[in-house]
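Examination of the molecular architecture
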Amino acid sequence: MSKTGVFIETTDQEIKQSVFGVISAAAAGGGEVTGFLLDGRADKYKDQLAACGVTELVALEAKDIDFSKSPQATGEALAKGATDFGISALLGVSSPTGNDVLARAAMALKAPLALDCMDVDFTANTVKKSHFSGKAVATLEMTGALFVCGIRPNSFEAVESPVTIKITPHTVEVENSDAIIVTEVQAADSSRKDLTEATVIISGGRPMASSDNFKILDECARKLDAVVGASRAAVDAGYAPHSMQVGQTGKIVSPKLYIGCGLSGSVQHFAGMKTSKVIVAINTDKDAPIFTKSDYGIIGDLFEVVPALTKELEKQG
Ligand SMILES: Cc1cc2nc3c(=O)[nH]c(=O)nc-3n(C[C@H](O)[C@H](O)[C@H](O)COP(=O)(O)OP(=O)(O)OC[C@H]3O[C@@H](n4cnc5c(N)ncnc54)[C@H](O)[C@@H]3O)c2cc1C
């Protein structure tokens, strides 16, 4: 039976939420799923990983190496793990960390690499990627004995698929490279959750008119358990930080529900959120292009519609 490897990315001693969707994608492929963990907490995570289909959790170690400080050593260790455990496809989340280490792993393996993929077919060895600001979807054939693939967060739903898991400690030899050493990681704003991980997003555009006005989106977001995003026009005007920008030059997101408030529907914004499962637009202009690209449209002033929505959600508890 073929084996698919998954890089188990962790932050703050938790598995990154979107990793579970990647595991489900790997499990749906029919082969065995091998997780590669590099933070030494295999016992803590094993039950969560077994619940979604990981049959073997390989706890990678290397003498005198702190993987959290070395993306190069992490990539090389993943490559060694993939080789030693006979993996035919190595997957991970296309997050900043995932993209960094998967690229280094592919380099070490001399294997083909595709990042930000929306779909993967393990039988045909193909992946699907969005191109030209989301106007085209390319199907790429991955040749060779092993390929490396980063999956766009939330492209796959995490599905329960319980199995028995075994933990295998595995020591690899990797070079103690000092080419890049991570000395500090500063979260942009620890009070806001990661947009790319969100299942519900409510975004504001240019008509928000001030950073203070974003409070109405924050209030609604709390009721919806949503994360607040922004268009580039709102970011450029200084109403929101760049970490909140959705789009071609911002974050690529794929939530279950995307609520756009005062967004015209530019191609560059859509490039970042068009794979949202349901899109709702609130706009005063009935002819705004966003209405042609949304599942539901509300013609109205966001400063009236959003507080009314929040109030209604409050009533429902
Ligand atoms: C190379 C490049 C990269 C780019 N990357 C990005 C990117 O990553 N992300 C991004 O977002 N943009 C990006 N842009 C900018 C993009 O082209 C648009 O300019 C931008 O998305 C417009 O933002 P907006 O929809 O908030 O504003 P606008 O286009 O000004 O639209 C505002 C909308 O709000 C409506 N409106 C006005 N008042 C209200 C109200 N009170 N209530 C409800 N609706 C109201 C208006 O009818 C209008 O439709 C990029 C552009 C370029 C050239």
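What counts and how
Residues numbered from 1 in each chain as written. Predicted model: local features only at pLDDT ≥ 70, side-chain atom pairs only at ≥ 80, totals over all residues. Heavy atoms only, no water. Phe/Tyr/Trp six-rings, centres within 6.5 Å; stacked < 30°, edge-to-face > 60°. Helix = DSSP H or I, 4+ residues; strand = E, 2+ residues; numbered from the N terminus. Buried < 20%, exposed > 50% of the residue type's maximum accessible area, 1.4 Å probe, protein only. Lys NZ or Arg CZ within 6 Å of the ring centre and 35° of its normal. Domains from an automatic or database assignment. Contact = heavy atoms within 4.5 Å. Buried area = accessible area lost by both parts, 1.4 Å probe. Salt bridge = Lys/Arg side-chain N within 4 Å of Asp/Glu carboxyl O. Nonpolar A, V, L, I, M, F, W, Y, C, P; charged D, E, K, R; others polar. Pairing = 2+ DSSP bridges. Axes fitted to C-alpha atoms, helices over the stretch in contact; angles between N-to-C directions.

1. A few points about the packing of aromatic side chains
Evaluated as defined, the whole model comprises one aromatic pair. Arranged with centres 6.2 Å apart and planes meeting at 75°, the rings of Phe36 and Phe85 form a pair that is edge-to-face. Here Phe36, found in strand 4 (residues 32-37), pairs with Phe85, found in the loop between helix 3 (71-84) and strand 6 (89-93); they are 49 residues apart in sequence, far enough to count as distant. Of the residues examined, Phe36 reaches a relative accessible area of 0% and is grouped as buried. The ring of Phe270 has Lys293 sitting right over it, with the charged end atom 4.6 Å from the ring centre.

2. Brief notes about the domain arrangement of the chain
What the domain assignment lists for the chain is domain 1 (3-171) and domain 2 (195-316). Each of domain 1 and domain 2 has a C-alpha centre, and the two are 31 Å apart. Each partner contributes residues to the interface: domain 1 has 12 residues there, and domain 2 has 13 residues. For the pair domain 1 and domain 2, the summed buried surface comes to about 1000 Å²; carbon and sulfur atoms form 43% of the total. For domain 1, the biggest contributors to the area lost against domain 2 are Ser133, Arg152 and Asn154; these three give 50% of the whole. Here domain 1 and domain 2 share two salt bridges between them. Of the charged contacts, one joins Glu197 and Lys16 as a salt bridge, the two residues approaching to 3.9 Å between their closest N and O atoms. Classifying every residue of the side of domain 1 that touches domain 2 gives two nonpolar, five polar and five charged.

3. With respect to the pattern of salt bridges
Think of it this way: side chains of opposite charge can pair up when their charged atoms draw near. All chains considered together, the criterion is met by 16 salt bridges. Put simply, Asp236 and Arg232 hold a salt bridge, and the shortest N to O gap is 3.3 Å. Taken together, the positions of Asp236 and Arg232, both in helix 6 (residues 232-236) and four residues apart, correspond to about one turn of that helix. Here Arg232 falls in the partly exposed class, since its relative accessible area comes to 45%. Salt bridges sharing common partners tie together Lys16, Asp194 and Glu197.

4. A short note on the sheet that holds strand 13 (residues 227-230)
The sheet built from five strands is open, its strands ordered 13-12-14-15-16 with parallel pairing. Looking along the sheet, the strands with just one partner apiece sit at the ends: strand 13 and strand 16 (296-299). If you compare each strand with its neighbour and ignore which way they point, the axes differ by 20° on average. Direction of pairing for strand 15 (residues 278-283) relative to strand 16: parallel, over a ladder of four bridges. Paired with Ile282 across the two strands is Ile298, which belongs to strand 16. Helix 5 (residues 214-224) rests against strand 12 (200-204), strand 13 and strand 14 (257-261) of the sheet, and its axis sits at about 170° to strand 12. Contacts from helix 8 (residues 302-316) reach strand 12, strand 14, strand 15 and strand 16, with the element oriented near 130° to strand 15.

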